[in-house]
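Residue-level structure breakdown
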Amino acid sequence: MGFLLSKSLEQNLQKQQEFMLLNTRLQLERQLQMQNQMRERQMAMQVAWSREFLKYFGSFFGLTTLGLTIGAVRKRRAALLAPVVPLSFILAYQLDAAYGSLVHRMRGEAESIMASESERLALPQGMPTFESIEKSRRAKAHLTSLLEK
């Protein structure tokens, strides 16, 4: 009788462990999915910001170039066109960021860095641990309690 009860308890324990493992895995998958969706939304906002900035900067660039060209022709001084050169580099960068392949090239470079230069990515003092976080939290809690007195 005791053997059957023990076996039944073991089976229940094993089923509970499998359920907990499955539940933990599902929770982790949901967290990863949520983090990825948040990253995608942030990237979309950055691209949208670049496109919006491009509208304003493109207008500024066009008006500035027009004004400087008219001034250079009227005064017969080509030096007035000099500011157009650096402004055109900024415009080209913004165009690339908003509609070009800048994001794809950055992703490729990031993948290359992660593969071949991973030592550059190491955090100072290594990965945070539970103990280091708790130590910092306790120190701040202690400071807060001292300041409140």
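Residues numbered from 1 in each chain as written. Predicted model: local features only at pLDDT ≥ 70, side-chain atom pairs only at ≥ 80, totals over all residues. Heavy atoms only, no water.

1. Observations concerning the overall build of the protein chain
From N to C terminus, the protein chain includes 4 helices and 0 strands. Listed by position from the N terminus, the elements making up the protein chain come as α-α-α-α. Principal axes of the C-alpha set define a box for the protein chain whose edges measure 110 × 50 × 30 Å. In the protein chain, the share of contacts with a sequence separation of at least 24, taken over all contacts with a separation of at least 6, comes to 58%. Computing the positive centroid from 20 side-chain charges and the negative centroid from 13, the protein chain places the two 12 Å apart. (Helix = DSSP H or I, 4+ residues; strand = E, 2+ residues; numbered from the N terminus. Contact = heavy atoms within 4.5 Å. Lys, Arg positive; Asp, Glu negative; His and termini not counted. Charge placed at Lys NZ, Arg CZ, Asp CG, Glu CD.)

2. Let's talk about the environment of Met-20
Along the polypeptide, Met-20 turns up in helix α1 (residues 2–75). The class for Met-20 is exposed, based on a relative accessible area of 54%. Sequence separation between Met-20 and Pro-86 is 66 residues, and the spatial gap between their C-alpha atoms is 60 Å. (Buried < 20%, exposed > 50% of the residue type's maximum accessible area, 1.4 Å probe, protein only.)

3. Overview of the confidence of the model for the protein chain
When the pLDDT values of the protein chain are averaged, the result is 91; 93% of them are 70 or greater. Ranking the elements of the protein chain by mean pLDDT puts helix α4 (residues 130–148) last, at 80, and helix α2 (residues 84–99) first, at 96. (pLDDT = per-residue confidence, 0-100.)

4. Remarks on the nonpolar core
Core analysis: the largest hydrophobic core is formed by 8 residues, namely Leu-54, Phe-57, Phe-61, Leu-68, Val-84, Leu-87, Leu-91 and Ala-98. Elements that contribute at least two residues to this core include exactly α1 and α2. (Core = buried A, V, L, I, M, F, W, Y, C linked by side-chain atoms within 4.5 Å.)

5. Quick look at α2
Two residues of an α-helix separated by three or four positions point the same way, owing to the 3.6 residues in each turn. Across its 16 residues, α2 extends 21 Å between first and last C-alpha, which sits within 8% of the 22 Å expected from 1.5 Å per residue. Every buried residue of α2 is listed here: Val-84, Leu-87, Leu-91, Gln-94, Asp-96, Ala-97 and Ala-98. (Expected span 1.5 Å × (residues − 1).)

6. Some points on the pattern of salt bridges
Taken as a whole and assessed by the stated rule, the structure comprises 6 salt bridges. Between Lys-55 and Glu-52 there is a salt bridge whose closest N-O contact spans 3.4 Å. Note that Lys-55 and Glu-52 are positioned in helix α1 at a spacing of 3 residues, about one turn of the helix. You can call Glu-52 partly exposed: its relative accessible area is 37%. Here the residues in one salt-bridge network are Glu-134, Arg-137 and Arg-138, joined through shared partners. (Salt bridge = Lys/Arg side-chain N within 4 Å of Asp/Glu carboxyl O.)

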